[in-house]
Amino acid sequence: MKLSANGISLEVEDHGSPTGEPLLLVMGLGMQLTAWPDELVDMLVARGFRVIRFDNRDVGLSQGFDQLGVPNVAVAAMKFAFHLPIRPPYPLRALADDAIGVLDALGIAKAHVCGASMGGMVAQLMAIHHPQRLKSLTLMMTSTGSRRVPMATPEVRRALLSRPENPRDPASIAAHLGRFMHLIGSPAYRPDPAWMQAKLRAAVDRAYRPAGTARQLVAIAADGDRSRRLAGVTLPCRVIHGQADPLVPVGAAHDLARKIAGAELDLIDGMGHDLPMPLLPRFAQGIALAAGRA
């Protein structure tokens, strides 16, 4: 369904009983709500959660911001490297305000929040700026934005900025995304290639908006280090991270857990930067632990 949230139109799905414990799932860079596996949603609903997932702005079926133009990601990366100010098309906090707007539109006063990758950064900003609206935090494969932690490998950084061979052909786009997902994915939990391609092709057919991804990427770079801002966060928090993550190396998880008082850390051997099917029960358990519902 389409909801008006924070003054824009967002695509939202609402699963489980309306009287269940509200849980908002926030997805990562350029990823659609469908990147949260249906199986994980079902597990969470079975635990008594009312699970809400949505497309961030500029992604999927939510409102786009093409009128703001396509930022030069290479220039933004250079400014980031030299500690120069970056002016994004919109700030990352806008995505946090969007997420709060989803809760407003659904009449939810407080919710548990789980964010993955960029979604974990958005969840941090929700906790910083709207702490009264959150019950707990689960932060998956994400970072404080500190420059003191290890960065993505050079190979991953190059791949992140690469383009499909034929950006107008859905099959070429899905193949390109498949190569990137294999690069950052969990080495101990490789999915069936045909299954993955079918999943990626379905995502491309639903929506493919690389300009929106570029705007989000620059917003991440511009937001910088949230470490000091996180000092005041006192919510129950669980940090879940893969030991083999090449996009957001595991040092980021140690740093994040140190910066949020009382945060619990769950490091998973063989996990990269994805949501492998065999680990879904562990993720559901971790979210429930953070929420005090295990």
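Heads up: the structure comes first, above all this text.
Residues numbered from 1 in each chain as written. Predicted model: local features only at pLDDT ≥ 70, side-chain atom pairs only at ≥ 80, totals over all residues. Heavy atoms only, no water.

### Considering the nonpolar core
One finds Leu-24, Val-102, Met-126 and Leu-137 to be the most contacted residues of the largest nonpolar core, which totals 45 residues. In terms of residues, this core owes the most to one element, helix H4 (residues 118–129), which gives eight residues. (Core = buried A, V, L, I, M, F, W, Y, C linked by side-chain atoms within 4.5 Å. Buried < 20%, exposed > 50% of the residue type's maximum accessible area, 1.4 Å probe, protein only. Helix = DSSP H or I, 4+ residues; strand = E, 2+ residues; numbered from the N terminus.)

### Some points on the pattern of salt bridges
Think of it this way: side chains of opposite charge can pair up when their charged atoms draw near. If you walk through the whole model with that rule in mind, you get 20 salt bridges. Between Glu-13 and Arg-53 there is a salt bridge, with its nearest N and O atoms 2.9 Å apart. One end of the pair, Glu-13, is in strand S2 (residues 8–15); the other, Arg-53, is in strand S4 (residues 49–54), with 40 residues separating them in the sequence. For Arg-53, a relative accessible area of 4% corresponds to the buried category. Look at the salt bridges and you will find they share partners, linking Asp-58, Asp-66, Arg-209 and Arg-215 into a network. (Salt bridge = Lys/Arg side-chain N within 4 Å of Asp/Glu carboxyl O.)

### Quick word on the environment of Gly-64
Positionally, Gly-64 belongs in the loop between S4 and helix H2 (73–81). You can call Gly-64 partly exposed: its relative accessible area is 24%. C-alpha separation for the pair Gly-64 and Gly-212, spaced 148 residues apart in sequence, amounts to 7.0 Å.

### Some thoughts on the side chain of Arg-133
You can see Arg-133 is positioned in the loop between H4 and strand S6 (134–140). Within the structure, the side chain of Arg-133 is placed 2.8 Å from the side chain of Asp-104, a separation counted as a polar contact. Once you skip the residues sitting within four places of it in the chain, Arg-133 turns out to touch Ile-100, Leu-103, Asp-104, Ile-108, Ala-109, Lys-110 and Ala-111. (Polar contact = N/O pair within 3.5 Å; in protein donor to acceptor, adjacent residues only side chain to side chain. Contact = heavy atoms within 4.5 Å.)

### A few points about helix H3 (residues 92–105)
Counting along an α-helix, one turn takes 3.6 residues, and residues three or four places apart therefore face a common direction. Compared with an ideal rise of 1.5 Å per residue, which puts 14 residues at 20 Å, H3 spans 20 Å between its outermost C-alpha atoms and is within 8% of the ideal. Taken across its 14 residues, H3 has ten buried, putting it largely inside the fold. All of the buried residues along H3 are Leu-92, Ala-94, Leu-95, Ala-96, Asp-98, Ala-99, Ile-100, Gly-101, Val-102 and Leu-103. Gly-107 occupies a position one or two residues after H3 and carries a positive phi of about 70°. (Expected span 1.5 Å × (residues − 1).)

### Remarks on the sheet that holds S6
One key point about sheets: their strands pair by backbone hydrogen bonds, in either a parallel or an antiparallel sense. Spatial strand order, S1-S2-S4-S3-S5-S6-S7-S8: eight strands in an open sheet with mixed pairing. Among the strands making up the open sheet, the edge pair consists of strand S1 (2–5) and strand S8 (264–268). Sheet twist, expressed as the average angle between the axes of neighbouring strands with direction ignored, equals 25°. Direction of pairing for strand S3 (residues 21–26) relative to strand S5 (residues 111–116): parallel, over a ladder of four bridges. Bridged to Val-26 within S5 is Gly-115. Across the sheet, helix H11 (residues 280–291) lies against S3, S4, S5, S6, strand S7 (237–242) and S8, angled at about 145° from S6, the strand it touches most. (Pairing = 2+ DSSP bridges. Axes fitted to C-alpha atoms, helices over the stretch in contact; angles between N-to-C directions.)

That's the geometry; what it means functionally is another story.
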